[in-house]
Amino acid sequence: MPDILSLSKDEVISALSAMGEPAYRAKQVFDWLYVKKVSSCEGMSSLSKALRDKLAVQYPFPVLTEKIAQESKDGTRKFLFALDDGERIETVFIPTEKRATLCISSQAGCKFGCTFCASGLGGWKRNLTPGEILGQVLHVMRAVRPTPVTHIVFMGVGEPFDNYDNVLKAVRLLNDKDGLNIAARRITISTCGIIPGIERMASEGLQVELSVSLHAASEAMRARLMPVNKKYPLKDLLRACRKYAETTNRQVTFEYILIKGLTCTPQAIDELSTLMRGWLSKVNLIPCNPVKEFAYYPPDTCAVEEFQKALERNGVICTLRSARGQDISAACGQLRHERHA
Ligand code: SAH
């Protein structure tokens, strides 16, 4: 039985009609779930007690028990949830002056083993259901009220394109005007470079933002940092991204990690500029966040600025991601599927 937040609008309609309920009931249920954001069927007070009970038994809410909620000195908030089978996931709320972004997980653990990222350390456990993905959003929306969540990024634990169907179902519910009504352009899916996922996304007709974790501008360096490069080499990945941009007419953002002595070199500037020039692409530089198990460090601030300026001189559109929540291990690459002591 799916959890209630895993049901599409059509599935809610058919579930209710199977219970002998009229079609308008589905709208009411959606309203309770995504507008009033109740956390149990019990709270749906305009429905009869009998119907609430029936729903609760047949379509329970996904279990997301908040185990720990930490707040960084910069206002970033990290939530650790336990799922019904004991797996753990993390979700990060990142408010700034202009927007409030929620970084959500798509899997418990990760199988891709990027050499700089803590999320793969415990291995891969399982896919999250659409409801467990949406459950993170609803839980945090309730917790941070009245601050609205304006943007969603699939940049927590896991690889969204390794859980494609559930992620896309969640995206449609996030985007649905009767669902959470978040504009597609405010939803970003980030991938470590799963080419079939990029190709499928191109045909979805969604205005969702695509981010690709590139992190290196040569085959050799990418293979060294990211084992996924063996299956989906840089060259093929770039070809798929250019095709995505041509098909959708949407810009592709490349995340590029700056690791002292490795990815922050003059040679990398030339190589990256060559890859990016002349098409709808953009680079988001991320100075490496420290993870205690890895001996990778960020370059000093001057080197980061130099790198950015040099790319810009070469005509590359380029932004710098500021580290948020480092003091609570909530920054990029610091999330885990389990909390290590
Ligand atoms: N699996 C997807 C979603 C995770 S997004 C993906 O790889 O895109 C998390 C982002 O943080 C990715 O771009 C990832 O490469 C980056 N990241 C991982 N470890 C990091 C670290 N130590 N410092 C900075 N960024 C890191």
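Predicted model, so just to flag it, every value in this text is computed and none were measured.

With the rule as written, the count across this model stands at 5 aromatic pairs. Consider the rings of Phe79 and Phe81, whose centres lie 6.1 Å apart with planes at 5°: the pair is stacked. A cation over a ring is seen here: Lys36 above Trp32, with NZ or CZ 4.3 Å from the ring centre. Sitting over the ring of Trp124, Lys111 keeps its end group 4.3 Å from the ring centre.

Our next topic: the site of the ligand. Lining the immediate surroundings of the ligand are 21 residues, of which Phe116, Ser190, Ser213, His215 and Asn289 lie closest. Gly158 places a polar main-chain atom, nitrogen or oxygen, 3.0 Å from a nitrogen atom of the ligand. Interatomic distance of 3.4 Å between a backbone N/O atom of Thr191 and an oxygen atom of the ligand. Alone, the ligand offers 540 Å² of accessible surface; in the complex the protein occludes 95% of this. The set of elements that each furnish at least two residues to the shell around the ligand consists of strand E8 (187-191) and strand E10 (252-258). Counted by class, the shell around the ligand contains 11 nonpolar, 8 polar and 2 charged residues.

Remark: helix H6 (residues 195-202) packs on helix H9 (residues 234-248), axes separated minimally by 9 Å, with the N-to-C direction vectors making an angle of 5°. Comparing the axis directions of H6 and H9 gives the class roughly parallel. Listed contacts from H9 to Ile195, Ile198, Met201 and Ala202 of H6 are Asp236, Leu237, Ala240, Cys241, Tyr244, Thr247 and Thr248. Looking at side-chain class alone, the contact of H6 with H9 contains 8 nonpolar, 2 polar and 1 charged residues.

With their axes 9 Å apart at the nearest point, helix H1 (residues 9-18) and helix H2 (residues 24-35) run at an angle of 125° to one another. Put simply, H1 runs oblique to H2. Once H1 is placed against H2, the crossing between them reads as right-handed. Residues Lys9, Val12, Ile13 and Leu16 of H1 pack against Arg25, Ala26, Val29 and Phe30 of H2. Residues belonging to the contact of H1 with H2 are distributed by class as follows: 6 nonpolar, no polar and 2 charged.

Attention shifts here to the nonpolar core. If you look at the biggest cluster of nonpolar residues, it comprises 112 residues, and the most contacted ones within it are Met44, Leu55, Ile152, Phe154 and Phe307. Each of domain 1 (4-58) and domain 2 (65-328) gives at least three residues to this core. With residues near it in sequence (within four places) discarded, Ile152 still touches Leu102, Ile104, Val137, Leu174, Ile182, Arg186, Ile187 and Thr188. Of all hydrophobic cores here, the second largest spans 8 residues; its members include Ile94, Cys103, Ile328 and Leu335.

Moving on, we get to the domain arrangement of the protein chain. According to the domain assignment, the protein chain contains domain 1 (4-58) and domain 2 (65-328). If you average the C-alpha positions of domain 1 and of domain 2, the two centres end up 33 Å apart. Listed by partner, the interface residues are 14 residues for domain 1 and 15 residues for domain 2. Taken together, the two surfaces of domain 1 and domain 2 that pack against each other cover about 1,200 Å², and 59% of this comes from carbon and sulfur. When the buried area of domain 1 at its contact with domain 2 is split by residue, Leu5, Tyr34 and Lys37 rank highest and sum to 45% of it. There are 4 salt bridges connecting domain 1 and domain 2.

Quick look at unusual backbone geometry now. A cis geometry characterises the amide bond from Arg145 onward to Pro146, with omega recorded as 10°. Turning to its location among the elements, Pro146 is positioned in the loop between helix H4 (130-144) and strand E7 (151-154). The backbone phi angle of Lys37 is positive, close to 60°, even though this residue is not glycine. If you trace the backbone, Lys37 turns up in the loop between H2 and helix H3 (49-58).

What follows covers the pattern of salt bridges. Under the counting rule described, the total for this entry stands at 22 salt bridges. Between Asp53 and Lys49 there is a salt bridge; the shortest N-O distance is 2.9 Å. With Asp53 and Lys49 both in helix H3, this residue pair falls 4 residues apart, about one helical turn. On the basis of relative accessible area, Asp53 is assigned to the partly exposed category, the value being 32%. Look at Lys49 and you get partly exposed, because its relative accessible area is 46%. Among the charged side chains, a network of salt bridges with common partners joins Lys9, Lys27, Asp176, Lys177 and Asp178.

Moving on: the side chain of Glu159. Residue placement: Glu159 occurs in the loop between E7 and helix H5 (164-175). In this structure, Glu159 is buried with no salt-bridge partner, the nearest side chain bearing the opposite charge being Arg222 at 8.5 Å. Engagement of the side chain of Glu159 in a polar contact is seen with the backbone nitrogen of Phe161, the distance being 3.0 Å. Polar contacts involving the side chain of Glu159 include one to the side chain of Thr191, which spans 2.8 Å.

Rules and cut-offs
- Residues numbered from 1 in each chain as written.
- Predicted model: local features only at pLDDT ≥ 70, side-chain atom pairs only at ≥ 80, totals over all residues.
- Heavy atoms only, no water.
- Phe/Tyr/Trp six-rings, centres within 6.5 Å; stacked < 30°, edge-to-face > 60°.
- Lys NZ or Arg CZ within 6 Å of the ring centre and 35° of its normal.
- Near = heavy atom within 4 Å.
- Polar contact = N/O pair within 3.5 Å; in protein donor to acceptor, adjacent residues only side chain to side chain.
- Areas by Shrake-Rupley, 256 points an atom, 1.4 Å probe, with all protein chains shown as cover.
- Helix = DSSP H or I, 4+ residues; strand = E, 2+ residues; numbered from the N terminus.
- Nonpolar A, V, L, I, M, F, W, Y, C, P; charged D, E, K, R; others polar.
- Axes fitted to C-alpha atoms, helices over the stretch in contact; angles between N-to-C directions.
- Parallel < 35°, antiparallel > 145°, perpendicular 65-115°, else oblique.
- Contact = heavy atoms within 4.5 Å.
- Left-handed = near helix turned anticlockwise from the far one by under 90°.
- Core = buried A, V, L, I, M, F, W, Y, C linked by side-chain atoms within 4.5 Å.
- Buried < 20%, exposed > 50% of the residue type's maximum accessible area, 1.4 Å probe, protein only.
- Domains from an automatic or database assignment.
- Buried area = accessible area lost by both parts, 1.4 Å probe.
- Salt bridge = Lys/Arg side-chain N within 4 Å of Asp/Glu carboxyl O.
- Lys, Arg positive; Asp, Glu negative; His and termini not counted.

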